[in-house]
Amino acid sequence: MRKIFKLSVILVLLVISNYRINAQASINLIIFPELSSIDFAAFDFTSTRNISQRLIQVIISPPGIEVMVEGKVDWQKDERSGFQELFRFRTKKFLSRNFSNDEINNSDIEIENTSFNSDLTSDIIKKGKPTGLVGIELRLLDPRGNFISKDYEEISFLNPTAPSINFPVDGSSYDIGSIILQWTTSVGATSYKIKANYVSDNAINLEEALNSGNPLINDYDVGTVTSIRLNDILKRELLADTNIVVVVKAFVHGPGGGNVLNSPLVMFKTNATGTKNTTVKIGNPDLIRLVNLLPPQFSKEIKDKLMNGEIQPEQIQITDERGNVLSFSDFIEILGFLEKDNSAIISITFSPK
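Residues numbered from 1 in each chain as written. Predicted model: local features only at pLDDT ≥ 70, side-chain atom pairs only at ≥ 80, totals over all residues. Heavy atoms only, no water.

A look at the overall build of the protein chain
Okay, step 1: Secondary structure assignment for the protein chain yields 6 helices and 20 strands.
Okay, step 2: Across the 353 residues that make up the protein chain, the buried fraction comes to 39%.
Okay, step 3: By sequence separation, contacts in the protein chain at least 24 residues apart represent 68% of the contacts at least 6 residues apart.
Okay, step 4: Surface exposure of the protein chain reaches about 19700 Å², of which carbon and sulfur atoms provide 51%. (Helix = DSSP H or I, 4+ residues; strand = E, 2+ residues; numbered from the N terminus. Buried < 20%, exposed > 50% of the residue type's maximum accessible area, 1.4 Å probe, protein only. Contact = heavy atoms within 4.5 Å. Areas by Shrake-Rupley, 256 points an atom, 1.4 Å probe, with all protein chains shown as cover.)

Next up, the structure:
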């Protein structure tokens, strides 16, 4: 009888001990920063094809207890859509430890079962680069499948695009005294670098001309601004009556060091000394940002006037769909949102005063 009592006490203590361990166990999900440019396929944590793309780290405490992990990945296309489940998985039992997504199915952490939304998965993988929001939920389970702890994180993808140079205008000529370089925003860019060089009249390859000899500007980092006086960053004196080719490079961080997105090359000419000033006028930078969002069918005359400064912010009254007048500062905030997702633009109408 005493042996049975002792055995019962031991079993109770083991149950209490196991309960305390489970009650104190936790799982934490850490998203690696600056994941603004990766493939959708990288979220298939169960595939050995993507072991080079480390996206998340999982912290489980305490270490050394037998657990399972259940994971779920959802996708929200845009702010007007709800989340849809891409896939979920459950691991086999393993001894708790910290691990990254590239260790799943490539170590002692093995997949027991998975389920996919095959139609949705196929559609978004075809897109190549992620857009919208991706939600990742991980649940920590005991060996019997009972819930212990969970964590959830979201990743917002900005789908960056290469910048385009607004000024100088390709093929135009400018006085050498003050040449403004202005370009469109690349959403997600952490900095921009400028490179410029002379190019001969008979040059065939502008890329070769840009990278040859001693550049006028050699990958000068201007930070996050989108407009700068070209003369302020020259390595040497600018000559009159010469051709110049320029590129703007946007740097977007991500796995493997990130991406460099190059603008199309622009070639312009400096005026000969004593010639008439033919410099193109530059409009308000924020109105130029607006022009970049206007649809192709929008009035070219109005676009040109916005670009060259004939129309200034104080001459414009901006209203919402209910006819409420917006301040220019409110408009700038909306502009930033639209640059991230121009699919949110339903229509733009212009009424002359």
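Re the pattern of salt bridges
Okay, step 1: Considering all chains together, one arrives at 10 salt bridges under this definition.
Okay, step 2: Across the salt bridge formed by arginine 88 and glutamate 85, the nearest N and O atoms sit 3.1 Å from each other.
Okay, step 3: With relative accessibility at 29%, the residue arginine 88 sits in the partly exposed group.
Okay, step 4: By relative accessible area, which is 31% here, glutamate 85 ends up partly exposed.
Okay, step 5: In this structure, aspartate 219 engages lysine 249 in a salt bridge whose closest nitrogen and oxygen atoms are separated by 2.8 Å. Of the two residues, aspartate 219 sits in strand 14 (residues 217–223) while lysine 249 sits in strand 16 (residues 243–252), which places them 30 residues apart along the sequence.
Okay, step 6: A residue is classified by how much of its surface remains accessible, and aspartate 219, at 29% relative accessible area, is partly exposed.
Okay, step 7: Beyond isolated ion pairs, a larger network of salt bridges with shared partners links Glu70, Arg90 and Arg139. (Salt bridge = Lys/Arg side-chain N within 4 Å of Asp/Glu carboxyl O.)

Considerations on the nonpolar core
Okay, step 1: Residues Leu181, Trp183, Ile194 and Val246 are the most contacted members of the largest nonpolar core, which totals 40 residues.
Okay, step 2: Ile65, Val134, Leu140 and Ile155 belong to the second largest nonpolar core, which has 27 residues in total. (Core = buried A, V, L, I, M, F, W, Y, C linked by side-chain atoms within 4.5 Å.)

Quick notes on the sheet that holds strand 1 (residues 26–31)
Okay, step 1: Taking strand neighbours across the sheet as the criterion, the 3 strands line up as 1-2-6 in an open arrangement whose pairing is antiparallel. On the outer flanks of this sheet lie strand 1 and strand 6 (99–100), each paired with one strand and no other.
Okay, step 2: Here strand 2 (residues 56–61) runs beside strand 6; their pairing, made up of 2 bridges, is antiparallel. When the sheet's bridge partners are listed, valine 58 is paired in strand 6 with phenylalanine 99. (Pairing = 2+ DSSP bridges.)

Structural notes on the side chain of threonine 91
Okay, step 1: Relative to the helices and strands, threonine 91 is located in strand 4 (residues 84–91).
Okay, step 2: Other than its neighbours up to four places away in sequence, threonine 91 contacts Met68, Val69, Ile109, Glu110, Ile111 and Glu112.

A few points about the sheet that holds strand 10 (residues 165–167)
Remark on secondary structure: sheet strands pair via backbone hydrogen bonds, oriented parallel or antiparallel.
Okay, step 1: Ordered in space as 10-12-15, the 3 strands form an open sheet in which the pairing is antiparallel. The open sheet has two edge strands, strand 10 and strand 15 (227–229), and neither has a second partner. On average, each strand axis in the sheet is tilted by 25° relative to the strand beside it, whichever way the strands run.
Okay, step 2: With 3 bridges connecting them, strand 12 (residues 180–183) and strand 15 associate as antiparallel partners. Directly across from leucine 181, in strand 15, lies its bridge partner isoleucine 228. (Axes fitted to C-alpha atoms, helices over the stretch in contact; angles between N-to-C directions.)

Quick notes on unusual backbone geometry
Of all residues except glycine, most have a negative phi; of all peptide bonds, most are trans.
Okay, step 1: For the bond running from serine 61 to proline 62, omega is -5°, close enough to zero to count as cis.
Okay, step 2: Considering the arrangement of structural elements, one finds proline 62 in the loop between strand 2 and strand 3 (66–76).
Okay, step 3: Omega for the peptide link from phenylalanine 167 to proline 168 comes to 0°, which places this bond in the cis form.
Okay, step 4: Turning to its location among the elements, proline 168 is positioned in the loop between strand 10 and strand 11 (173–174).
Okay, step 5: The backbone of asparagine 105 sits at a positive phi, close to 70°, despite the residue not being glycine.
Okay, step 6: Mapping asparagine 105 onto the fold places it in the loop between strand 6 and strand 7 (111–116).
Okay, step 7: Among the residues examined, asparagine 105 registers a relative accessible area of 31% and is labelled partly exposed.

Description of the environment of serine 351
Okay, step 1: Position of serine 351 among the secondary structure elements: in the segment after helix 6 (328–340).
Okay, step 2: Separated by 34 residues in the primary sequence, serine 351 and glutamine 317 have C-alpha atoms spaced 9.7 Å apart.

Looking at the confidence of the model for the protein chain
Okay, step 1: On average, the protein chain scores 77 in pLDDT, and the residues at 70 or more come to 74%.
Okay, step 2: Per-element confidence in the protein chain is highest for strand 5 (residues 94–95), whose mean pLDDT is 94, and lowest for helix 1 (residues 2–24), whose mean pLDDT is 47.
Okay, step 3: Below pLDDT 50 for its whole length, residues 1–17 participates in 0 contacts with residues either more than four positions away or in separate chains. (pLDDT = per-residue confidence, 0-100.)

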